[in-house]
Amino acid sequence: MHRSLKFAALAAGATLLLLLLLLLLAAVLAGARVDPNDYKADIISQVRARHQRTLAIPGTIRLVFYPRIGADLGRVTLSEHGSAAQFAAIDSARVTVALIPLLLHQQVVIDRIDVEGVRARVVRLEDGSMNTGDLTSGRDAAASAAGGGGARSSPVRLAIDSIRVGNARVLFDDRRSGRTLDVSSLNIDSGPIARGVASRMALSASIRSKRPALSTALTLKASFLPDPQRRRIAFSDVVANLDLPFKDARVKVNGEIDVDLDKDEFAADLAGSFDASVFDLKSGYHDKAYHLTLHVDKVDLGRYQNRLVPDAVPGDPAILEAGDAFDLSPLSMLRASGGVHVGELKVGTMHATNVRAALRSDGARFVLQPIGANLYGGSGSGALTLDFSRSASTPHITFVQSLKAIEVGPLLKDLLGKTPLQARGDVMIDVNTEGASTLQMRQALSGTASLRLTEGTLNGIDIGAMIVGAQAANGLAVDREAGVKTGFSRLGASFTIAGGIAHNADLAAQAPLFGVAGAGDIDLARKHVDYTLACTLGATGLTLPVRLSGPWDAIAWRVEAKAVSGAAVKETARNKLKKAIRGLLKR
């Protein structure tokens, strides 16, 4: 966004610079007490010769004498370079000069500039060139031409008492990145602009962009101190407000900003609030990269998920909802380093505290490493990498995470809305994916995962009672109210993930009376389970296969009856198991 704003500001500056040149010439002519319309043809010819652009001033340049001496240009238009197409237009522009310097010293001191209805279309072509290149490259010469008096002009001292820009619009079309930035309803009211003179300004605008899709209203007030010799501006007492379409979120910022115009750099010390979050930010832009340290007390990313949606997601016919799509392309151009700390982080129903991450991004890779957090009674550490080297719109994403001593039950409750498993233990994740939506990312997911849990329960199924009673051969593993569960002392499993399907072949669990081995698949894209458990009763040697299948929110189970047939087998198993239970109770 900084680059787009930079180019838009540069282009607006170039347009206003040309206008300022015209106003200065008009002011000089006014000061010389001649008719400025006599020079319109010369001005138009000079613009055509120097810039190969067509300048049009269709109205009469009027000299005004009350309440201040000055000139009114009326409507002005400027064409594209070497083309008749319109580049910029101004509905009206007026400049007035200070009377005392004019009378006593024959100096033309700009008193006030009023500009209404500026319109400009700025284009960056695919080769990186700008349609303002001829204007910005010649700005020093233009300023010199404005400041150096001719045979018929008086000296001009650039000491502007105030500037007002009303209802301006600058449209930036970046064809190189496919982005657009539309700044409309732009109003600027500035105090004095002179070397070493403290001043103030107020600004308001509506800003819309694509990729990322953003619409916001901006208001800003600040004091500023220009230093023309060093080409720096120091902004203090900055108060800015942005209204965002994220659940009617509002950003409020205050602080200080120092801008170096020569080096195109800035340093900022800001604090404020975003929606219900409070933050402080130390940021800067130098050596062609951002540097930041950000602390946020709390943030709920789920509130804004439905707004992180591109206008079109290519090749994805299966997007389920607006919030399923994400546009990560803005990160492909980010060059930054720094650190981020969030006191409380919520993503959907999942939550963590003391989240901290180190950031580095060079435009090709966006990396958060290390990432640390406290969550679900334990801790987590890992890394997230977005690799844009192959695609700026759909990066290759790598996520590595190690969760230690976490409570799995609350984690699954927040993640799935159910608690099929309760235990404490460790979880390891090393996965990668890519895609333009969460569905595509789940479908492309690959990598490995493992878990090692202790002292837990498998809820919704009582394997021991099922074997002893042999009362049911199938059911739903969702009967939480009845307290149906299978306890275990330890459980471990590892997964190989490919194409969004996690395959496991080594699940092993140990309960007081039986052991469980398992294998199967979990389809992460379809949210579907297909699993087989082999439950072996230690006291009887009998193995009972149990099949688990179905969607996550309604997993069904059934006993493979062929493996446990015959009344004699069942009776023998039941007697041995009851004997084992009585022995366990006597301990």
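Here the structure is a predicted model, which means the values were calculated and not measured.

**Thoughts on the overall build of the protein**
Item 1. Within the protein, the secondary structure is distributed over 9 helices and 30 strands.
Item 2. Relative to its 587 residues, the protein shows a buried fraction of 42%.
Item 3. Partitioning the intrachain contacts of the protein with sequence separation of at least 6 by distance along the chain shows that 50% fall at a separation of at least 24.
Item 4. Accessible surface, the protein: about 29,700 Å² in total, of which carbon and sulfur atoms supply 57%.

**Comments concerning the pairing of strand S9 (residues 179–190)**
Item 1. Inspection of the sheet shows strand S8 (residues 162–174) paired to S9 by 9 bridges, in the antiparallel sense. Looking at S9, one finds that Arg-164 is bridged to Asp-189.
Item 2. Two successive antiparallel strands, S8 and S9, enclose a turn made up of 4 residues, where Gly-178 displays a positive phi of approximately 75°.

**Here's the deal with the side chain of Ser-361**
Item 1. With respect to the helices and strands, Ser-361 occurs in strand S18 (residues 350–362).
Item 2. A relative accessible area of 8% means that Ser-361 is categorised as buried.
Item 3. A polar side-chain atom of Ser-361 sits 2.7 Å from the main-chain carbonyl oxygen of Leu-334.

**Some points on the packing of aromatic side chains**
Remark: the centre distance and the inter-plane angle together describe each pair of aromatic rings, the angle taken between the planes.
Item 1. For the structure shown, the criterion picks out 4 aromatic pairs.
Item 2. Their ring planes at 10° and their centres at 6.5 Å tell us that Phe-266 and Tyr-285 sit as a pair that is stacked. Of this pair, Phe-266 sits in strand S14 (residues 265–274) while Tyr-285 sits in strand S15 (residues 277–286), placing them 19 residues apart in sequence.
Item 3. A relative accessible area of 12% places Tyr-285 in the buried class.
Item 4. Each member of the aromatic cluster is reached from another via a ring pair, and the members are Phe-266, Tyr-285 and Tyr-290.
Item 5. Above the face of the Phe-87 ring, Arg-53 is positioned so that its terminal group lies 4.9 Å from the ring centre.

**Regarding the pattern of salt bridges**
Item 1. This model, assessed by the stated rule, comprises 22 salt bridges.
Item 2. Its salt-bridge partner being Asp-72, residue Arg-94 comes within 3.5 Å of it at the nearest N-O pair. Of the two residues, Arg-94 is situated in strand S5 (residues 86–97) and Asp-72 in strand S3 (residues 69–72); the sequence distance between them amounts to 22 residues.
Item 3. Residue class for Asp-72 comes out buried when judged on its relative accessible area of 13%.
Item 4. For Asp-262, the salt bridge goes to Arg-231, with nearest N and O atoms at 2.6 Å. Of this pair, Asp-262 sits in the loop between strand S13 (250–260) and S14 while Arg-231 sits in the loop between strand S11 (214–227) and strand S12 (232–243), and the two are 31 residues apart along the sequence.

**Things to note about the confidence of the model for the protein**
In regions of low pLDDT, the predicted coordinates are not meant to be interpreted in detail.
Item 1. Residues with a pLDDT of 70 or more make up 75% of the protein, whose mean pLDDT is 80.
Item 2. For the stretch residues 470–481, pLDDT sits under 50, and the model shows 34 contacts to residues farther than four places along the chain or on other chains.
Item 3. Low pLDDT (under 50) marks residues 565–569, which in the prediction has 1 contact with non-local residues, meaning those over four places away or in another chain.

**Some thoughts on the environment of Thr-180**
Item 1. On the secondary structure map, Thr-180 appears in strand S9.
Item 2. Here the alpha-carbon distance between Thr-180 and Arg-208, two residues 28 residues apart in the chain, equals 8.1 Å.

**Examining unusual backbone geometry**
Item 1. Cis rather than trans, the peptide bond between Gln-369 and Pro-370 has omega equal to 0°.
Item 2. Here Pro-370 lies in strand S19 (residues 365–375).
Item 3. In the Ramachandran plot, Asn-167 falls in the positive-phi region, its phi being about 50° despite a non-glycine side chain.
Item 4. Mapped onto the fold, Asn-167 is located in strand S8.
Item 5. Phi is positive for Asp-287, which is not a glycine, with a value near 55°.
Item 6. Tracing the sequence through the fold places Asp-287 in the loop between S15 and strand S16 (289–300).

**Side note on the pairing of S5**
Item 1. Inspection of the sheet shows S3 paired to S5 by 4 bridges, in the antiparallel sense. By the bridge assignment, Ile-69 is partnered in S5 with Val-97.
Item 2. In the sheet, strand S4 (residues 76–79) pairs with S5 via 4 bridges, with the strands oriented antiparallel. Opposite Thr-77, over in S5, you have Ala-89 as the bridge partner.

**Some words on the environment of Ser-277**
Item 1. Within the fold, Ser-277 resides in strand S15.
Item 2. In this structure Ser-277 comes out as buried when scored by relative accessible area, which is 5%.
Item 3. For Ser-277, the side chain forms a polar contact with the main-chain oxygen of Lys-298, separated by 2.4 Å.

**Observations regarding the side chain of Ser-402**
Item 1. Along the chain, the position of Ser-402 falls in strand S21 (residues 396–407).
Item 2. Residue Ser-402 is classed as buried on the basis of its relative accessible area, which comes to 13%.
Item 3. The contacts of Ser-402, once residues within four sequence positions are left out, are Ser-379, Gly-380, Ser-381, Val-427 and Met-428.

**As for helix H2 (residues 40–51)**
One full turn of an α-helix is made of 3.6 residues, so residues set three or four places apart face in the same direction.
Item 1. Under the 1.5 Å per step criterion, the end-to-end length of H2 is 16 Å for 12 residues, consistent within 8% with the ideal 16 Å.
Item 2. Immediately beyond the C-terminal end of H2, within one or two residues, lies Gln-52, with a positive phi of roughly 55°.

**Overview of helix H6 (residues 408–416)**
Item 1. Of the residues making up H6, those classed as buried are Val-408, Gly-409, Leu-411, Leu-412 and Asp-414.
Item 2. Contacts from the buried residues of H6 go to S18, S21, strand S22 (421–433) and strand S23 (446–459).
Item 3. In the stretch just after H6, Gly-417 is the one whose phi turns positive, near 85°.

**Quick notes on the environment of Thr-448**
Item 1. Structurally, Thr-448 can be placed in strand S23.
Item 2. Along the sequence, Thr-448 and Val-431 sit 17 residues apart, while their C-alpha atoms lie 6.1 Å from each other.
Item 3. When near neighbours in sequence (up to four residues on either side) are disregarded, Thr-448 contacts Met-428, Ile-429, Asp-430, Val-431, Phe-495 and Ile-497.

Rules used throughout
Residues numbered from 1 in each chain as written. Predicted model: local features only at pLDDT ≥ 70, side-chain atom pairs only at ≥ 80, totals over all residues. Heavy atoms only, no water. Helix = DSSP H or I, 4+ residues; strand = E, 2+ residues; numbered from the N terminus. Buried < 20%, exposed > 50% of the residue type's maximum accessible area, 1.4 Å probe, protein only. Contact = heavy atoms within 4.5 Å. Areas by Shrake-Rupley, 256 points an atom, 1.4 Å probe, with all protein chains shown as cover. Pairing = 2+ DSSP bridges. Polar contact = N/O pair within 3.5 Å; in protein donor to acceptor, adjacent residues only side chain to side chain. Phe/Tyr/Trp six-rings, centres within 6.5 Å; stacked < 30°, edge-to-face > 60°. Lys NZ or Arg CZ within 6 Å of the ring centre and 35° of its normal. Salt bridge = Lys/Arg side-chain N within 4 Å of Asp/Glu carboxyl O. pLDDT = per-residue confidence, 0-100. Expected span 1.5 Å × (residues − 1).

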